[in-house]
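Structural overview
What follows is each chain in one-letter form.
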Amino acid sequence: NPTPIDDDDDDDDDDDDNNKDNSKDNLIDISSTLNTNGHFTTLVSALYAVDLMDSMSGSWGPFTVFAPTNDAFDDLPGSLTECLANPKNKAELSYVLSYHITAGRIASSDFYNTMTLQTYNGDNLIVDTNRGIKVNDAMITSGDILASNGVIYAINSVLIPPGFNVAKFIDTCAGGDDDDDDDNDDDNDDDD
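As the structure is a computational prediction, the values presented were derived from the model and not from experiment. (Residues numbered from 1 in each chain as written. Predicted model: local features only at pLDDT ≥ 70, side-chain atom pairs only at ≥ 80, totals over all residues. Heavy atoms only, no water.)

The next thing to look at is the state of the cysteines. Throughout the structure, instances matching the rule amount to one disulfide. At a sulfur-sulfur separation of 2.2 Å, the disulfide partner of Cys83 is Cys173. Looking along the S-S bond of the Cys83-Cys173 disulfide, the torsion reads about -105 degrees, which is the left-handed sense. Pair noted here: Cys83 is in helix H4 (residues 78–85) and Cys173 is in helix H6 (residues 166–174), with a separation of 90 residues, a long-range link. Neither Cys83 nor Cys173 differs from the other in exposure class; each is buried. (Disulfide = S-S within 2.5 Å. Helix = DSSP H or I, 4+ residues; strand = E, 2+ residues; numbered from the N terminus. Buried < 20%, exposed > 50% of the residue type's maximum accessible area, 1.4 Å probe, protein only.)

Encoded structure:
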């Protein structure tokens, strides 16, 4: 099991609980850290869209967040991005985004090859430390971005959960499989 980064608010005997020179005292929460970093604006917008930003604010946590950069989102196929951004696909977007969040505050020095991390959507990430540090196929490009309630790792691609069929999702989304008649159309509505 990974060793969480010492949050200096513990009950152990290492005398760090009252250390006023600790840099953690100056840290802001994960939501604020992501918000103030210009490399994560797409992620921040998506997290707000599915109401996950509040879950990573204040004293909630600790969390480890594998945060795709704006470039990572830009590298997604346009049709996938459009479909995930559609408000009617909020559940799918939430499922994908929660695959980037794990419980606990994991230091990069605690990652080891073939380490398994359970995410908030219930699926697992696999760590590869052979050449740098990767989670699944995403390379960590910037690590140990500390926040008061966790740690953030910038990654170079969006993680797609193993149970998420991208082709089927895009086909369903692009195919206009719209069963709700809330778009004010006049096609065969039998409600008059």
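Bringing the nonpolar core into the picture now. In terms of nonpolar packing, the biggest core is built from 33 residues, with Leu34, Phe40 and Leu97 touching the most fellow members. If one sorts the elements of this core by residue count, helix H2 (residues 41–49) sits on top with four residues. The contacts of Leu34, once residues within four sequence positions are left out, are Phe40, Leu43, Val44, Leu47, Ala67 and Ile152. Judged by nonpolar contacts, the second largest core, of 15 residues, contains Phe111, Ala138, Val151 and Tyr153. (Core = buried A, V, L, I, M, F, W, Y, C linked by side-chain atoms within 4.5 Å. Contact = heavy atoms within 4.5 Å.)

Along H6, the residues that are buried comprise Phe169, Ile170 and Cys173. What you see down the axis of H6 is that its buried residues fit within an arc of 95 degrees, all on one side. Those residues of H6 that are exposed and aimed more than 90 degrees away from the buried face are Ala167, Lys168 and Asp171. The inward-facing, buried residues of H6 contact H4 and helix H5 (90–98). Between the side-chain oxygen of the N-cap and the backbone nitrogen of Ala167 there are 3.3 Å, and the N-cap of H6 in question is Asn165. (Arc of directions from axis to C-beta. Polar contact = N/O pair within 3.5 Å; in protein donor to acceptor, adjacent residues only side chain to side chain.)

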